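Here is how the chains run, residue by residue.
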Amino acid sequence: MGAYQSQPEIVEATHTPIQHWLEVLDYTNDVTYRGFVTSTNDGQPTIFVFFSDQTLGHGLKTGLVALFELASISAFQCLQIVACIPRSHSAVELEIVRNLGWCGFNLTTLQQWSVENDLSHTLSDKWLFLSAER
């Protein structure tokens, strides 16, 4: 997924830990979604889901429905889902961003989850971040 936990150089800095790992298998479209649950700075749980290059060319409906249902179960109670789309500058990437927009997703940054107020840590050269309220 390209996600990793980094230790800041400042010892007293805090970070929001990953609370749960998840993997959703969409048998209808032969797609696997992988992600994790973490909290925003104000404590709201959020599911981050990584869309692989293989995911982008498939149907999204059944997988998204499962992800929204998963976000609402009592073990997670996530108010937000963040879709992480690989940056490729291809037509498939643009299509998935448009399709997720129809489902209520909007482009976002990681500022809500960043402990530091440095904007360079809230954007990614590898991923586009789109968030939706459940």
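Shown above is the structure to which this text applies.
Residues numbered from 1 in each chain as written. Predicted model: local features only at pLDDT ≥ 70, side-chain atom pairs only at ≥ 80, totals over all residues. Heavy atoms only, no water.

Asks: I keep staring at helix H1 (residues 61–72) and nothing clicks. Help me out?
Replies: Structurally, the α-helix is built with 3.6 residues per turn, so residues lying three or four positions apart point the same way. Helix length check: H1, at 12 residues, gives a terminal C-alpha distance of 17 Å against a target of 16 Å (1.5 Å per residue), a fit within 8%. Every buried residue of H1 is accounted for by Gly-63, Leu-64, Leu-67 and Ala-71. What you see down the axis of H1 is that its buried residues fit within an arc of 95 degrees, all on one side. Residues of H1 that are exposed and point more than 90 degrees away from the buried face comprise Lys-61 and Glu-69. (Helix = DSSP H or I, 4+ residues; strand = E, 2+ residues; numbered from the N terminus. Expected span 1.5 Å × (residues − 1). Buried < 20%, exposed > 50% of the residue type's maximum accessible area, 1.4 Å probe, protein only. Arc of directions from axis to C-beta.)

Asks: Any chance you could explain the pattern of salt bridges here in plain terms?
Replies: Between side chains of opposite charge, a pair can form as their charged atoms come close. The tally for this structure, following the rule as stated, stands at 1 salt bridge. Notably, a salt bridge pairs Glu-23 with Arg-34, separated by 2.8 Å at the nearest N-O pair. With Glu-23 in strand E1 (residues 20–26) and Arg-34 in strand E2 (residues 31–39), this residue pair connects regions lying 11 residues apart in the sequence. Residue classification places Arg-34 among the partly exposed residues on the basis of a relative accessible area of 42%. (Salt bridge = Lys/Arg side-chain N within 4 Å of Asp/Glu carboxyl O.)

Asks: I'm lost on the sheet that holds strand E5 (residues 106–108) in this one. Help?
Replies: Backbone hydrogen bonds are what pair the strands of a sheet, in a parallel or an antiparallel way. In space, the 6 strands of this open sheet follow the order E1-E2-E3-E4-E6-E5, with mixed pairing throughout. Taken across any chain shown, the strands that pair with only one partner, and hence form the sheet edges, are E1 and E5. Here the strands of the sheet are splayed against their neighbours by 30 degrees on average, with no regard to which way each runs. Here E5 runs beside strand E6 (residues 127–133); their pairing, made up of 3 bridges, is antiparallel. Looking at E6, one finds that Leu-107 is bridged to Leu-130. Strands E1, E2, strand E3 (45–50), strand E4 (80–86) and E6 of the sheet are contacted by H1, whose axis makes an angle of about 150 degrees with E1. (Pairing = 2+ DSSP bridges. Axes fitted to C-alpha atoms, helices over the stretch in contact; angles between N-to-C directions. Contact = heavy atoms within 4.5 Å.)

Asks: I keep staring at unusual backbone geometry and nothing clicks. Help me out?
Replies: The phi angle of most residues is negative, glycine excepted, and most peptide bonds adopt the trans form. Positive phi is not limited to glycine here, since Gln-77 has a value of about 50 degrees. Tracing the sequence through the fold places Gln-77 in the loop between H1 and E4. On the basis of relative accessible area, Gln-77 is assigned to the partly exposed category, the value being 38%.

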